[in-house]
Amino acid sequence: MLIRGVIGDPIDHSLGDILHQELFHQLDIKGKYSKIHVSMDELENFTSKNKVHEYNVTIPHKERIIQFLDELDSSAAQIGAVNCVKDNKGYNTDWLGFKECIEQNKINVNQQKCLILGAGGAAKAVAYALIKLGTRSIRVINRSKEKKDALENWVRKQGIKIDNENDYDIIINCTPLGMWPRIDESPYNLNRVTKSQTIIDTIYNPIETKLVRHCKKRADKAIGGLDMFIYQAIESLAIWEDSQIKGKIDIRKIKKELRSKLC
Ligand code: NAP
């Protein structure tokens, strides 16, 4: 039987199994998608000895796994993070998931000033997508200065300005602040959000974070992380199946299935 899965630590909270089982069902793929607990100490062993050859990677392994893989696809190499593996080659589909989310929600990134909250794996993938979509500038706010500087330096190297003017057009949360169970937290001072700004939260549990809820109430454009989550999974499946599958998926049905499991 075909076995795919997602590795991480912790892994219990992941909804990857529900999402992929629904995708398998819709595409008539006979297989199982499992949540596999892999600790930091077990990671090297997992990559060399495991019997699962097609899997997703989540916190905290997205960056560390690179050293144990044979090869990287070019976007994963540039982003420096892997969330999808096929036959020991690493890919990044988070950036594709974010890009698709932007396109599906008709958000204009071209020549916009963007603020990214966070500087981890998701933030890098988001920065990469924003650059591909023609952003004018990117500023990063992060808890640790070291990672903030590293991401901003990478952005500069791609020929994109770091803007310090504070009047951002788009703000994207790439930290876990606001994620279940700590749903009362917000990564950004809510009073500072203005009506003209677009807010995107990469968190999908809860479906509406405090930040998204606050902005929606005021009729601002605010989007949660569910679309990104679904589209990164579809892009992973396309790599494993080696075929274009996007047009064959009933996204509404997937959302309904996931919403029933989320708070
Ligand atoms: P990561 O690599 O561990 O990075 C987490 C980032 O958040 C780091 O910059 C970290 O700052 C910051 N951070 C963590 N805890 C914080 C706290 N208590 N206060 C302030 N900052 C904090 O994780 P990741 O893979 O980038 O994932 C980040 C979030 O993105 C996840 O929580 C997840 O919800 C979301 N995500 C969503 C999707 C999707 O498909 N929708 C995909 C990937 C990720 P330091 O540098 O100081 O540690």
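Since the model is a prediction, treat every value here as computed from it, not as a measurement. (Residues numbered from 1 in each chain as written. Predicted model: local features only at pLDDT ≥ 70, side-chain atom pairs only at ≥ 80, totals over all residues. Heavy atoms only, no water.)

*Asks:* Hey, could you run me through the site of the ligand in this one?
*Replies:* Of all residues adjacent to the ligand, which total 25 residues, the nearest are A119, A122, N142, S144 and T202. Contact between the ligand and S144: an oxygen atom at 2.9 Å from a main-chain N or O atom of the residue. In isolation the ligand has 920 Å² of accessible area, and contact with the protein removes 81% of it. Of all elements in the fold, only α5 (121-132) and α8 (226-241) reach the threshold of two or more residues within the shell around the ligand. Looking at side-chain class alone, the shell around the ligand contains 11 nonpolar, nine polar and five charged residues. (Near = heavy atom within 4 Å. Polar contact = N/O pair within 3.5 Å; in protein donor to acceptor, adjacent residues only side chain to side chain. Areas by Shrake-Rupley, 256 points an atom, 1.4 Å probe, with all protein chains shown as cover. Helix = DSSP H or I, 4+ residues; strand = E, 2+ residues; numbered from the N terminus. Nonpolar A, V, L, I, M, F, W, Y, C, P; charged D, E, K, R; others polar.)

*Asks:* How should I be thinking about the sheet that holds strand β9 (residues 170-173) in this particular structure?
*Replies:* Strand pairs in the sheet, formed through backbone hydrogen bonds, run parallel or antiparallel to each other. The five strands are arranged β8-β7-β9-β10-β11 in an open sheet whose pairing can be described as parallel. Since the sheet does not close on itself, it has two edges, and those belong to β8 (137-141) and β11 (221-223), each with one partner. Each strand axis lies, on average, 15 degrees off the axis of its neighbour in the sheet, ignoring direction. (Pairing = 2+ DSSP bridges. Axes fitted to C-alpha atoms, helices over the stretch in contact; angles between N-to-C directions.)

*Asks:* Just checking my understanding: could you explain a nonpolar patch on the surface for this structure?
*Replies:* On the surface, M179, W180 and I183 cluster together to form a nonpolar patch covering roughly 290 Å² of accessible area. For M179, the position within the fold is in the loop between β9 and β10 (198-201). (Patch = residues over 30% accessible without salt bridge, like charges linked within 9 Å, V, L, I, M, F, W, Y side chains within 5 Å. Salt bridge = Lys/Arg side-chain N within 4 Å of Asp/Glu carboxyl O.)

*Asks:* Would you mind showing me how to read the pattern of salt bridges here?
*Replies:* Opposite charge on two side chains permits pairing when their charged atoms draw close. In total, this model carries 19 salt bridges according to the counting rule given. With its nearest N and O atoms 2.8 Å apart, the salt bridge here joins E208 to K216. In this structure E208 comes out as partly exposed when scored by relative accessible area, which is 29%. With a relative accessible area of 41%, K216 lands in the partly exposed category. Of the charged contacts in the structure, one is a salt bridge between K255 and D227, with a shortest N-O distance of 2.7 Å. Taken together, the positions of K255 in helix α9 (residues 251-259) and D227 in helix α8 put the pair 28 residues apart, joining distant regions of the chain. Given the relative accessible area of 9%, D227 is considered buried. Where salt bridges share partners, they join R4, E54 and E241 into one cluster. (Buried < 20%, exposed > 50% of the residue type's maximum accessible area, 1.4 Å probe, protein only.)

*Asks:* What is the right way to read the state of the cysteines from this model?
*Replies:* Two cysteines whose sulfur atoms are joined by a covalent bond form what is called a disulfide. The tally for this structure, following the rule as stated, stands at zero disulfides. Free cysteine: C101, not disulfide-bonded; nearest cysteine sulfur from C174 at 11 Å. Of the cysteine sulfurs around C215, a residue in no disulfide, the closest is that of C101, at 15 Å. (Disulfide = S-S within 2.5 Å.)

*Asks:* Looking at this structure, I do not really get the environment of Q104. What am I missing?
*Replies:* Of note, Q104 is situated in helix α4 (residues 94-104). Sequence spacing of Q104 and N153 is 49 residues, and the spatial spacing of their C-alpha atoms is 30 Å.

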